[in-house]
Amino acid sequence: MEENTLDEIVFPTYVINLKAQKDFFTHIKKEFNDKKEFELHIIDNYNQQFEPLAIWLSIKKSIKLAIDKEQDIIIICKEDHCFTESYDKEIFIKDILSAYKEGANILLGGIGNFNNAVPITNRRYWIDTFYDSQFIVIYKPLFSSILQEPFRDHYTAESLLSELTSNKILLYPFISVKYNYGFSDAKPNNRKKTNILQFKNAEERLAIYKKVYEKYIEKT
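The rules behind these values
- Residues numbered from 1 in each chain as written.
- Predicted model: local features only at pLDDT ≥ 70, side-chain atom pairs only at ≥ 80, totals over all residues.
- Heavy atoms only, no water.
- Salt bridge = Lys/Arg side-chain N within 4 Å of Asp/Glu carboxyl O.
- Helix = DSSP H or I, 4+ residues; strand = E, 2+ residues; numbered from the N terminus.
- Buried < 20%, exposed > 50% of the residue type's maximum accessible area, 1.4 Å probe, protein only.
- Patch = residues over 30% accessible without salt bridge, like charges linked within 9 Å, V, L, I, M, F, W, Y side chains within 5 Å.
- Areas by Shrake-Rupley, 256 points an atom, 1.4 Å probe, with all protein chains shown as cover.
- Pairing = 2+ DSSP bridges.
- Phe/Tyr/Trp six-rings, centres within 6.5 Å; stacked < 30°, edge-to-face > 60°.
- Lys NZ or Arg CZ within 6 Å of the ring centre and 35° of its normal.
- Axes fitted to C-alpha atoms, helices over the stretch in contact; angles between N-to-C directions.
- Contact = heavy atoms within 4.5 Å.
- Core = buried A, V, L, I, M, F, W, Y, C linked by side-chain atoms within 4.5 Å.

Comments concerning the pattern of salt bridges
- The final tally for this structure, using the stated rule, is 12 salt bridges.
- D95 serves as the salt-bridge partner of R124, at 3.0 Å between the closest nitrogen and oxygen. Here the residue R124 occupies a position in strand β7 (residues 124-127), and D95 occupies one in helix α4 (residues 89-101), the gap between them amounting to 29 residues.
- The class of D95 is buried, set by a relative accessible area of 3%.
- One salt-bridge network, held together by shared partners, links D95, E102, R123 and R124.

Written out as structure tokens, the structure is:
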């Protein structure tokens, strides 16, 4: 793919902004400041007290906007998303297109937890479930299913997405993790720290899958 072609690609990116605090908004703008391949749309949802429901409603709102704008691929991004050093524009665009050809409905930039994974390449992994993610690529075939799905108690927005399709692909090394603000306004107070540790634990597990793939499969 030529560089001039890459420069023309822009992905609609819907940022879910649940916190009415300057720190969150300043952070997310900084993350995308030098990345012209993303077109940001801020989805504010301050009135919902129950965060998983607020995120689900924000995802639905993003999908409705995408349909109105006739968008085929969108990115859902949380306000505490943070790019890792593994992010590379050209590789990311190729991964989005490759995942689409492989029949993916969801492409994940990073996750906090999963049950099982199967390596497709040494960068892309099919996964059966996921429970937390800051950066989610959603393809058009899943749009209508999301709009029809009601919120269910004891679910996260991500676990609802996970149940809607078996066609889920994860990028590893992660290109997105949860940003550590150094404070928490959530209850219980250790929630953010727990979620950050889950991302690290998921990375450690995936490192084993990657090592096995490169040793036994990539050489065949």
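There is more to say, and it comes next.
Here's the deal with a nonpolar patch on the surface
- Taken together, the side chains of I208, V212, Y216 and I217 make up a nonpolar region of the molecular surface, amounting to roughly 400 Å² of accessible area.
- Its place among the elements puts V212 in helix α7 (residues 191-217).

Quick notes on the pairing of strand β9 (residues 168-171)
- Covered by surrounding structure in β9 are K168 and L170 together with I169 and L171, the residues of both alternating faces.
- For strand β5 (residues 106-108) and β9, the ladder comprises 3 bridges, and the chain directions are parallel. Of the residues in β9, the one forming a bridge with I106 is K168.
- Pairing between β7 and β9: 3 bridges, direction antiparallel. Following the sheet pairing, Y125 is matched in β9 by L170.

Overview of the packing of aromatic side chains
- Within this structure, the stated rule accounts for 16 aromatic pairs.
- Summarising the aromatic geometry, the rings of F32 and F38 are spaced 5.2 Å apart at their centres and angled 75° between planes, so their arrangement reads as edge-to-face.
- On the accessibility criterion, F38 (7% relative accessible area) is buried.
- Grouping aromatic residues by their ring pairs yields a cluster made of F11, F32, F38, F83, Y87, F92 and F135.
- One Lys or Arg, R152, reaches over the ring of Y155 and ends 4.5 Å from the middle of that ring.

Brief notes about the sheet that holds strand β6 (residues 117-119)
- Read across the open sheet, the 8 strands follow the order β2-β1-β3-β8-β5-β9-β7-β6; overall the sheet is mixed. Strands with a single pairing partner mark the edges of an open sheet, and in this sheet they are β2 (38-44) and β6. In this sheet, neighbouring strand axes are inclined to one another by 25° on average, regardless of whether the strands run parallel or antiparallel.
- Note: strand β3 (residues 73-78) against strand β8 (residues 135-139), 5 bridges, orientation antiparallel. Note on β8: the bridge partner recorded for I73 is Y139.
- Where α4 meets the sheet, its contacts fall on β1 (11-17), β2, β3, β5, β7, β8 and β9, and the angle it forms with β8 comes to roughly 40°.

Quick look at the side chain of E149
- In this fold, E149 is placed in the loop between α5 (143-148) and α6 (157-164).
- Judged by relative accessible area, E149 falls into the buried class, the value being 14%.
- Those residues in contact with E149 that lie beyond four places of it in its chain are W56, K60, L160 and L164.

Side note on the nonpolar core
- Of all hydrophobic cores here, the largest spans 37 residues; its most connected members are I59, I138, L161 and F174.
- With 6 residues, helix α3 (residues 51-68) is the single largest residue contributor to this core.
- I138 has contacts with I63, D72, I73, I74, I76, N105, F143, I146 and L161, leaving out every residue within four places of it along the chain.
- Listed in part, the 23 residues of the second largest apolar core include F38, I93, Y139 and L171.

With respect to the pairing of β8
- Most of β8 sits out of view: 5 of its 5 residues are buried.
- With 3 bridges connecting them, β5 and β8 associate as antiparallel partners. By the bridge assignment for β8, I106 is matched with I138.

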